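Reading the structure
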Amino acid sequence: MKKLTLDELVSLCKRRGIIFLTSEIYGGYAGFFDWGPVGVELRKNVVDSWWNYFVRFREDVYGLFGAIIMHPKVWEASGHVDRFIDWLVECKKCHARYKAEELIEEQGIEITDYSPQNLERIIREHNIRCPNCGGELSEPKKFNLMFETYVGSVKSEEAIAYMRPETAQGMFINFKIYSVYARNQLPFGIAQVGKVFRNEIAPRNFIFRCREFEIAEIEYFINPAEANECPYFSEVKNVTVKIWTKEMQKKEQEPKEMSIGEAYDEGVFSNMWHAYWVGESLKWLNKIGLSMENLRVREHLETELAHYSAQTFDIEYNFPFLGWKEIEGIANRTDYDLKRHAKFSGEKLYMVINGEKIIPHVIEPSWGVERVILALLTEAYSVKENRVVLKIPYELAPYKVGVYPLLKREPFIKKAREIFMQLKNDFEAFLDISGSIGKRYARADEIGVPFGITIDHQTLEDDTVTIRFRDTWEQIRVKTSELKETLNKYLNK
RNA sequence: GCGCCGGUAGUCUAGAGGUAGGAUGCCGGCCUCCCAAGCCGGUGGCGCGGGUUCGAGUCCCGCCCGGCGCACCA
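Note that the structure is predicted; figures quoted are calculated from it, not measured.

What follows covers the pattern of salt bridges. Counted under the stated rule, the structure contains 33 salt bridges. Counted as one network, the salt bridges with shared partners bring together Arg 296, Arg 298, Glu 304, Asp 314 and Glu 316.

Spelled out as structure tokens, the structure:
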């Protein structure tokens, strides 16, 4: 079968009202996207599925809908201000870029004043040149991956606030409230879905890398003394997937297919809870339609670990047009964040359980919603007889059922309206009377509508209609009185 | 952000100094009892700004957007 290209997917997303670049009448705006009538339903269904699976249908995870702009100190405590803001100098000859402070410190010069004026003065006085080609260096330029804004009406340095670049900190700053809500027991988790903002240098590959995107994330707090006591582990131990540990990567070995249970026994994971969350993540991704063959678990090398992480696994999806790419990360953040916030805020961020003071450790599964949906669309995209059929799992389909009069005239239209009115309160339904019947089926297939109800001549005689199935194009005939029940059966409701 | 390449109706594409053409979609009509059918009619376009030229999708400059490579990816 021909490989799907990103261009084909982008084209479908635009022409069918799913996702498209924002502000196109002004030439577009890189890294920002709008979701159309179909996309907005799809996104909502995916997020609902996630929320049900990880929050509502669990005993131990609590939801949060946190602020996008938080106290600026949050980002000092988290380490983002230090690690997201740099003064960079650029070589005027070869255009290589360097952190100013690193170049200066490499010369054995101690910096006491980190202001850009002073950094530049040191570079000029010591005649520091490009280590690559010896070229002259530019003045230091501020390089900030966080979007800044000003809170209050005065635009001063003191008024700078940041658009959150991750949702995690919203959970950490509310740890006390949630630990009480969880009745002072471990483990428990806090879940949040929301927009985050990162001022990427080069947004690319459609919605794969954007500047404004959505994260679905859980911070799961465990007792470090009980890190290998996960009562749910039997639910994931047989999940089997390709796993690529850092050792395998260093030895240039291929990923190895193994179960989560086997991998845990072999010591692949930092602890049992970490293994559990990798397994649960895979189960949900598989549930929403991503096949296990297209998923793999890759451990981060030491060099790519985030400053807060003891061990991270990426769940990667094999995009036909991008190769294996991260759609979710599962990090062991240990007690890094709670300790940092305790230090910066002066609050006591620990729990006392049975007289013992415990700073919980954190396992953090973190999904990129756009990336998951890109994988979902990729997996669902299929071609049948030269037509696109989007085989989205029924529960996620933006519309469930289309109603079509076979011919565009009375009394077919009247009867179709009746059926539509009968269905619309129970299903995401629409009525389409425009164009030939084949054209209407084709349009519905492109946005993944699972069922089509057709009103034909026989309907007018015996009050039966046909149900057409998106994936097979087969039709069955049912009484209109049994339509709702039959559709529910197929939808597994 | 750097380098190379590109940008023509909603989508896909022809045109490379001289009247912007096609396909498809969409809308209306005729026809049609089931898979983008047929016929007729309609809708809609050179990314933005400046320059060169009698004349610019076409050549030049800047910007924007996209693809690829590098860098970045906490």
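You can see Thr 245 is positioned in the loop between strand E11 (240–244) and helix H9 (246–250). Excluding anything up to four places from it in sequence, Thr 245 contacts Val 268 and Glu 299.

With that settled, the discussion passes to the protein's contact with RNA strand B. Close to RNA strand B lie 43 residues, the nearest being Lys 14, Arg 198, Arg 209, His 307 and Arg 443. For RNA strand B, the backbone portion of the atoms within 4 Å of the protein, that is sugar and phosphate, comes to 49%. Interatomic distance of 3.3 Å between a side-chain N/O atom of Thr 466 and a base nitrogen of RNA strand B. Those elements that place two or more of their residues in the surface near RNA strand B are helix H1 (6–15), helix H4 (80–84), helix H15 (437–446) and strand E24 (464–469). The greatest single-element share of the surface near RNA strand B, amounting to seven residues, is contributed by H15. In terms of residue class, the surface near RNA strand B is made up of 15 nonpolar, 13 polar and 15 charged.

The set of residues buried in H15 consists of Ile 437, Arg 440, Tyr 441, Ala 444, Asp 445 and Glu 446. Of the residues trailing H15, Gly 448 is marked for its positive phi of about 75°.

Roughly 1200 Å³ of internal volume is contained in the largest pocket. Along the walls of the largest pocket sit 44 residues, with Arg 198, His 300, Ala 306, Tyr 308 and Glu 326 positioned nearest its centre. Mapped by element, the contributors of at least two residues to the lining of the largest pocket are H4, strand E10 (212–222), strand E14 (311–319), strand E15 (323–334), strand E18 (361–368) and helix H13 (369–380). A per-element tally of the lining of the largest pocket places E15 first, with nine residues. Residue classes in the lining of the largest pocket are distributed as 18 nonpolar, seven polar and 19 charged.

All right, on to the sheet that holds strand E22 (residues 429–431) then. Sheets are built from strands paired through backbone hydrogen bonds, the pairs being either parallel or antiparallel. With mixed pairing, the five strands of this open sheet are ordered in space as E22-E21-E23-E24-E25. A strand with exactly one partner marks an edge of an open sheet, and here the two such strands are E22 and strand E25 (475–479). Neighbour-to-neighbour, the strand axes of this sheet turn through a mean angle of 25°, independent of strand direction. Looking at chain direction, strand E21 (residues 401–405) and E22 are connected through three bridges and run parallel. What sits directly across from Val 403, in E22, is Leu 431. Each of E21, E22, strand E23 (451–455), E24 and E25 touches H15; the most contacted strand, E21, lies at about 170° to it.

This part is about the environment of Leu 64. Looking at where Leu 64 falls in the secondary structure, it is placed in strand E3 (residues 61–64). As for Leu 64 and Val 193, which are separated by 129 residues in sequence, their C-alpha atoms are 8.0 Å apart. Setting aside residues no more than four positions away along its own chain, Leu 64 makes contact with Trp 51, Gly 170, Met 171, Asn 174, Tyr 178, Ile 190, Ala 191 and Gln 192.

Bringing the packing of helix H2 (residues 37–56) against H13 into the picture now. It is at 11 Å that the axes of H2 and H13 come closest, and there the two elements cross at 110°. Taken together, H2 and H13 sit at an angle that is classed as roughly perpendicular. Side by side, H2 and H13 meet where Leu 42, Arg 43, Val 46 and Val 47 of the first sit next to Val 369, Val 372, Ile 373, Leu 376 and Leu 377 of the second. Looking at the contact of H2 with H13 residue by residue, the classes come out as eight nonpolar, no polar and one charged.

Detail in the predicted coordinates should be disregarded across regions flagged by low pLDDT. Mean pLDDT over chain A works out to 93, with 98% of the residues at or above the 70 mark. Taken over the whole predicted complex, pTM reads 0.94, whereas the ipTM for its chain interfaces reads 0.94.

Another point: the sheet that holds strand E12 (residues 256–259). Ordered by their spatial adjacency, nine strands build an open sheet running E3-E9-E10-E18-E15-E14-E13-E11-E12, and the pairing between neighbours is mixed. Only two strands of the sheet have a single partner each, and these edge strands are E3 and E12. In this sheet, neighbouring strand axes are inclined to one another by 30° on average, regardless of whether the strands run parallel or antiparallel. Pairing of strand E9 (residues 188–197) with E10, which is carried by ten bridges, proceeds in the antiparallel orientation. Note that in E10 the partner of Gly 194 across the bridge is Ile 215. The strands touched by helix H11 (residues 272–287) within the sheet are E3, E10, E11, strand E13 (295–299), E14, E15 and E18, with E15 carrying the most contacts at an inclination of about 145°.

Thresholds, definitions, all that
- Residues numbered from 1 in each chain as written.
- Chains lettered and ligands numbered in written order.
- Predicted model: local features only at pLDDT ≥ 70, side-chain atom pairs only at ≥ 80, totals over all residues.
- Heavy atoms only, no water.
- Salt bridge = Lys/Arg side-chain N within 4 Å of Asp/Glu carboxyl O.
- Helix = DSSP H or I, 4+ residues; strand = E, 2+ residues; numbered from the N terminus.
- Contact = heavy atoms within 4.5 Å.
- Near = heavy atom within 4 Å.
- Polar contact = N/O pair within 3.5 Å; in protein donor to acceptor, adjacent residues only side chain to side chain.
- Nonpolar A, V, L, I, M, F, W, Y, C, P; charged D, E, K, R; others polar.
- Buried < 20%, exposed > 50% of the residue type's maximum accessible area, 1.4 Å probe, protein only.
- 1 Å grid on protein atoms, 1.4 Å probe; cavity = no way out; pocket = protein on both sides within 12 Å on 5 of 7 lines; lining within 4 Å.
- Points joined across faces, edges and corners; volume = space filled by probe spheres on them.
- Pairing = 2+ DSSP bridges.
- Axes fitted to C-alpha atoms, helices over the stretch in contact; angles between N-to-C directions.
- Parallel < 35°, antiparallel > 145°, perpendicular 65-115°, else oblique.
- pLDDT = per-residue confidence, 0-100.

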